[in-house]
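# Examining the three-dimensional arrangement
One letter stands for each residue in the lines below.
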Amino acid sequence: MAGYKPVAIQTYPVLGEKITQDTLYWSNYRTPVQIKEFGAVSKVHFSPQPPYNYAVTASSRIHIYGRYSQEPIKTFSRFKDTAYCATFRQDGQLLVAGSEDGIVQLFDISGRAPLRQFEGHTKAVHTVDFTADKYHVVSGADDYTVKLWDIPNSKEILTFKEHSDYVRCGCASKLNPDLFVTGSYDHTVKMFDARTNKNVLCVEHGQPVESVLLFPSGGLLVSSGGRYVKVWDMLKGGQLLVSLKNHHKTVTCLCLSSSGQRLLSGSLDRKVKVYSTTSYKVVHSYDYTASILSLALSHEDETIVVGMTNGILSVRHRKSESKKESLPRRRPAYRTFIKGKIYMKQQDDIMINRPAKKHLECYDRDLKSFRISKALDRVLEPNCVIKTPEVTVSIIKELNRRGVLANALAGRDEKEITRVLNFLISSCDCGFPSASSWHWFSGHGSLFYPLHIYLPVIGQSPVVDKKFIVLQGLVEKEIDYQRELLETLGMMDMLFATMTRNGSAPVSEHVPAELPEGKTTESLCQPADADKSS
């Protein structure tokens, strides 16, 4: 058996991931740092001013973290119950937050006790934000109301009662101090003007609204709720521009990149997706270990912070390019590359070649020793079927070529038969390589070997019977596909034949030919007219 030839594994083309500028940009982050909080992280917000610290709202506390610190540099814990939506003012000096008891509290970053307490809501306040003039605060609560507060006087200015369910999200315009937007569980997103006593714009999202976001220009509004992310044109009266459905579960948070050209969304399906704001297509995505509740980007997209339901705060920092350039790489000397290559063979030298020893794979060793059943068992293991299905197909082809495939399939118990049927089902349905293995199995009869061998015992195992029923459905579906393809090919053949016949007629008109004696052009056209009429 010294001349055993290993089985040739057939290779199939694999489509590689398309590398784009967005892929390179959003992949250029370090391994995420994980920080454990006291509860689910409901809000993350970066300070707009240097050093760009960020506030994390979790349980009954608000932690302030530095960009590169893993421990909070300040903690606000003056809450009787759960705190919500801690948000920085535009100058980074003040912080406002809501709470479960309905009180809105205003904090100075340099202190610990609240500067102001706004009391007026009767239920939990889930959204707060500063207006563009920095002297007013907007809040929305579970009592269906939206309130506008004056910071210097600590008084309530306006109350809007136009929502019919919980108000869970909102934001203020960065350009106009009188405009702000709120989203509610009544499926609507409403824009309010402080100069009036009612909303000036209302759009129907269709799902309970979890997050809203205004573009810096104020012309576009983004809302998320359910599995949908919708973009509205505010300059056209709230016209729907695009509806995105790229998540499998509820979208809980939205965020814009520093340039405003990329939109990020986080969802309970544990994914963060990055969209282009020109084409609204997904250009990148991140996977996380738990459902996502909050998301924030720092200045110049240097840091991505994601808060999850299990209390984990995931922080990704962008890789530094300067460090790579500052560390020069030591290269080998030139003599290292030419070592041994410039030696000239002398007349008395003897050259000895040591052929590289080739090691056989496990399935090749089994085939070499005629252990055909064991070889088939090796390539039917889940790890091999998932990662290298081409090896499984090649071994089955080799066993069939040797005429021992039926022997390798015989004598198996319920678990081993199920493994064989699972591979056939995955190959026939949508797994690799459906186009090659399916037609090979069906064309050579290998697909029906298990049925012929285990026909006498069908009905004794409900698990095996169920697999056979699934396989039967896939075979019938493939037969229907083939029948439809043959009908389509027949119609295409008729069209091609008609085009060929019609295309040859004009060619004959341009071929010069002499008329026979006694014939005219009119007499030559008569048969053609008769053919057309027939």
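Residues numbered from 1 in each chain as written. Predicted model: local features only at pLDDT ≥ 70, side-chain atom pairs only at ≥ 80, totals over all residues. Heavy atoms only, no water.

## Some remarks on the pattern of salt bridges
Any two side chains of opposite charge can pair, on the condition that their charged atoms come close. Scanning the model with the defined rule gives 14 salt bridges in all. Note that Glu398 and Arg401 form a salt bridge whose closest N and O atoms lie 2.7 Å from each other. Of this pair, Glu398 and Arg401 both sit in helix 7 (residues 389–402), separated by three residues, roughly a single helical turn. Taking relative accessible area as the criterion, Glu398 reaches 13% and is therefore assigned buried. Overall, the relative accessible area of 62% leaves Arg401 in the exposed class. (Salt bridge = Lys/Arg side-chain N within 4 Å of Asp/Glu carboxyl O. Helix = DSSP H or I, 4+ residues; strand = E, 2+ residues; numbered from the N terminus. Buried < 20%, exposed > 50% of the residue type's maximum accessible area, 1.4 Å probe, protein only.)

## Thoughts on helix 7
When the terminal C-alpha atoms of helix 7 are compared, their 20 Å separation across 14 residues agrees well with the 20 Å that a helix rising 1.5 Å per residue should span. Taken together, the buried positions of helix 7 are Pro389, Val391, Thr392, Val393, Ser394, Ile395, Ile396, Glu398, Leu399 and Asn400. (Expected span 1.5 Å × (residues − 1).)

## With respect to a nonpolar patch on the surface
Among the surface-exposed residues, Leu486, Leu489, Met492, Leu495, Phe496 and Met499 lie close enough to one another that they form a single nonpolar patch of about 640 Å² accessible area. Mapped onto the fold, Met492 is located in helix 12 (residues 462–509). (Patch = residues over 30% accessible without salt bridge, like charges linked within 9 Å, V, L, I, M, F, W, Y side chains within 5 Å. Areas by Shrake-Rupley, 256 points an atom, 1.4 Å probe, with all protein chains shown as cover.)

## A word on the packing of aromatic side chains
Tallying each qualifying case throughout the model produces 11 aromatic pairs. Taking 5.1 Å as the distance between ring centres and 85° as the angle between the ring planes, the aromatic pair formed by Tyr25 and Trp26 counts as edge-to-face. Take Tyr25: its relative accessible area is 33%, and that puts it in the partly exposed class. Here the aromatic rings of Tyr54 and Tyr65 are separated by 5.6 Å at their centres, their planes lie at 15°, and the arrangement is stacked. With Tyr54 in strand 3 (residues 54–58) and Tyr65 in strand 4 (residues 61–65), the pair connects residues that are 11 residues apart, well separated along the chain. Of the two residues, Tyr54 and Tyr65, both sit in the buried class. Among the aromatic residues, those joined into a cluster by ring pairs are Phe46, Tyr54 and Tyr65. A cation over an aromatic ring shows up here: Lys230 above the ring of Tyr228, its NZ or CZ 5.5 Å from the ring centre. Positioned above the aromatic ring of Tyr25, the side-chain terminus of Arg318 is 4.1 Å from the ring centre. (Phe/Tyr/Trp six-rings, centres within 6.5 Å; stacked < 30°, edge-to-face > 60°. Lys NZ or Arg CZ within 6 Å of the ring centre and 35° of its normal.)

## Some points on the sheet that holds strand 16 (residues 188–193)
The antiparallel open sheet is built from four strands, whose spatial order is 14-15-16-17. Two strands lie at the open edges of the sheet, namely strand 14 (167–172) and strand 17 (199–204), each paired on one side alone. The sheet shows a mean angle of 20° between the axes of neighbouring strands, direction not considered. Pairing of strand 15 (residues 179–184) with strand 16 involves five bridges; the strand directions are antiparallel. Considered in strand 16, the bridge of Thr182 is made with Lys190. (Pairing = 2+ DSSP bridges. Axes fitted to C-alpha atoms, helices over the stretch in contact; angles between N-to-C directions.)

## A few points about the pairing of strand 6 (residues 83–88)
Among the six residues in strand 6, six count as buried, and that is most of the element. With four bridges connecting them, strand 6 and strand 7 (residues 94–99) associate as antiparallel partners. Each residue of the ladder has a partner; that of Thr87, found in strand 7, is Val96. Counting the residues between successive antiparallel strands, the hairpin from strand 6 to strand 7 contains five residues, one of them, Gly92, with a positive phi of roughly 75°.

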